[in-house]
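Fold and contact review
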Amino acid sequence: DHAMLYAAHVLKLAKELDLPLSIQENLICTALLHGLEQDIDGIKTYLISEGELDKTAAERIAKLATKVRDVTKIPYFPPESGTYFIYNHINLIIQEAASPEVMLLTFCDRLASISVVENIPSNLKQYADYVIREVKQIYIPLAERLGLSSMAGELRERIFFLEQRDVYLAIRERLLKYEMFGRGMDYEEAKRRWEEDERLQLENELKNLEARVPGLIIETLSLRTKNIYSIREKTQRKPDEYPGPES
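It should be emphasised that the depicted structure is a prediction, and the values quoted were computed from it without experimental measurement.

Across its full length, the protein chain carries eleven helices and zero strands. Along the protein chain, helices and strands appear, N-terminal first, in the series α-α-α-α-α-α-α-α-α-α-α. In the protein chain, buried positions account for 38% of the 247 residues. Of the accessible surface of the protein chain, which amounts to about 15000 Å², a share of 51% is contributed by carbon and sulfur atoms.

Pasting the structure below:
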C-alpha cells in the first residue's frame, strides 16, 4: 500500500532529522491521507469527524495534504534534448512546495513510488520507467540543489537497485561476507570494514598517480561510510579520475 510505505519513509526521515513530535504527527497523518482526492474543506471535515482532530490541526493537515498532492501530480515530460525544461521543472516544484514540510513529504512520496516499482508486474514497465526517469532527472538534482545529500544518496541507491539489481546484490553479498569475520558485526560495520579496504586501495592508486605527476601532492584522505551505489561508483573510477585537492 503506497500510503503505508509513504508514512514509513516520512517517519524514518522525521526521526533522522529529529523533528518535534507534533510536526512528526502532522507529517505522518498527511502521508496516510495519500490518495484522498477531496479539497481542503472535504479533508478537514473528514479529519474532524473520523480523526477526532480539532479544527486548527485538521486545517493544517488538510492544507499540507492538498499541497503535496498538487506538487506530486505535476506531470513530467522529459525533453528530447537539453536541460532547460528540467531546470524549469525543478524550479516549479520548489515554487509550488513553498515550505520544508511539503518538500520533505514530496521526497518521501517519491521514495514510496520507488518501493512500489520494485515489485511492479512487467506489464506496468512503462510506469516504472517513468518513475525512474523522473527521480534521476528531477528529484536527485533537486535534493542536491537543496543540500539534501543524504536524500540524494538514498534516491541513487534505490535507483541503482532497480536498474542494476544483479550488480547491487553482488556488492551487498561481498559486504556481508565481512560479517563472518566480525563476530556479530552488523551491516553498517561491514560497510565500514569495506571502506577501510577501499581506502588502502585508493591510497595506493593515488600514490602511484603522485609518483607519475611531478608536483602533485595528495592530501590525507577523509572518507565517510558509503552506500552500495557510492561504492560501485568509486570502484569504477580510474586512478586519474579521482579529484585532487582544490587549487
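There's plenty left to go through after this.
On to helix α6 (residues 100-117), then. For α6, spanning 18 residues, the distance from its first C-alpha to its last is 26 Å, which sits close to the expected 26 Å at 1.5 Å a residue. Of all 18 residues that make up α6, 15 are buried, and the element is covered over most of its length.

Between helix α3 (residues 40-50) and helix α4 (residues 55-72), the least distance of the axes is 8 Å, while the angle of their chain directions is 135 degrees. In terms of axis orientation, α3 runs oblique to α4. In terms of crossing hand, the pair formed by α3 and α4 is right-handed. Side by side, α3 and α4 meet where Ile 40, Ile 43, Lys 44, Leu 47 and Ile 48 of the first sit next to Lys 55, Ala 58, Glu 59, Ile 61, Ala 62, Lys 63, Ala 65, Thr 66 and Arg 69 of the second. Within the contact of α3 with α4, the residues separate by chemical class into eight nonpolar, one polar and five charged.

Within the fold, Leu 111 resides in helix α6. Take Leu 111: its relative accessible area is 2%, and that puts it in the buried class. Separated by 102 residues in the primary sequence, Leu 111 and His 9 have C-alpha atoms spaced 7.2 Å apart. Apart from the residues within four sequence positions on either side, Leu 111 is in contact with His 9, Met 151, Glu 154, Leu 155 and Arg 158.

All chains considered together, the criterion is met by seven salt bridges. The salt bridge involving Arg 110 is made with Asp 109; its shortest N-O contact spans 2.5 Å. Taking the relative accessible area as the measure of exposure, Arg 110 reaches 7% and is therefore buried. The residue Arg 110 makes a salt bridge to Glu 134 at a minimum N-O spacing of 2.8 Å. Of this pair, Arg 110 sits in helix α6 while Glu 134 sits in helix α7 (residues 125-145), and the two are 24 residues apart along the sequence.

Along the polypeptide, Thr 106 turns up in helix α6. When its relative accessible area of 0% is taken as the criterion, Thr 106 is described as buried. Distance in space between the C-alpha atoms of Thr 106 and Val 68 is 6.2 Å, their sequence separation being 38 residues. Ignoring any residue separated from it by four or fewer positions in sequence, one finds Thr 106 in contact with Tyr 6, Val 71, Thr 72 and Tyr 139.

Looking now at the side chain of Glu 134. By relative accessible area, Glu 134 is classed as buried at 2%. In this structure the side chain of Glu 134 is engaged in a polar contact, spanning 2.8 Å, whose partner is the side chain of Arg 110. Ignoring any residue separated from it by four or fewer positions in sequence, one finds Glu 134 in contact with Ile 74, Tyr 76, Arg 110 and Tyr 139.

Take the packing of aromatic side chains next. Inspection of the entire model under this criterion finds three aromatic pairs. Where Phe 107 meets Tyr 139, the ring centres are 6.0 Å apart and the plane angle is 75 degrees; that geometry is what we call edge-to-face. Placement of Phe 107 in helix α6 and of Tyr 139 in helix α7 is noted, with a sequence separation of 32 residues between them. The pair Phe 107 / Tyr 139 is uniform in exposure class, with both members buried.

Each value, and the rule that gives it
Residues numbered from 1 in each chain as written. Predicted model: local features only at pLDDT ≥ 70, side-chain atom pairs only at ≥ 80, totals over all residues. Heavy atoms only, no water. Helix = DSSP H or I, 4+ residues; strand = E, 2+ residues; numbered from the N terminus. Buried < 20%, exposed > 50% of the residue type's maximum accessible area, 1.4 Å probe, protein only. Areas by Shrake-Rupley, 256 points an atom, 1.4 Å probe, with all protein chains shown as cover. Expected span 1.5 Å × (residues − 1). Axes fitted to C-alpha atoms, helices over the stretch in contact; angles between N-to-C directions. Parallel < 35°, antiparallel > 145°, perpendicular 65-115°, else oblique. Left-handed = near helix turned anticlockwise from the far one by under 90°. Contact = heavy atoms within 4.5 Å. Nonpolar A, V, L, I, M, F, W, Y, C, P; charged D, E, K, R; others polar. Salt bridge = Lys/Arg side-chain N within 4 Å of Asp/Glu carboxyl O. Polar contact = N/O pair within 3.5 Å; in protein donor to acceptor, adjacent residues only side chain to side chain. Phe/Tyr/Trp six-rings, centres within 6.5 Å; stacked < 30°, edge-to-face > 60°.

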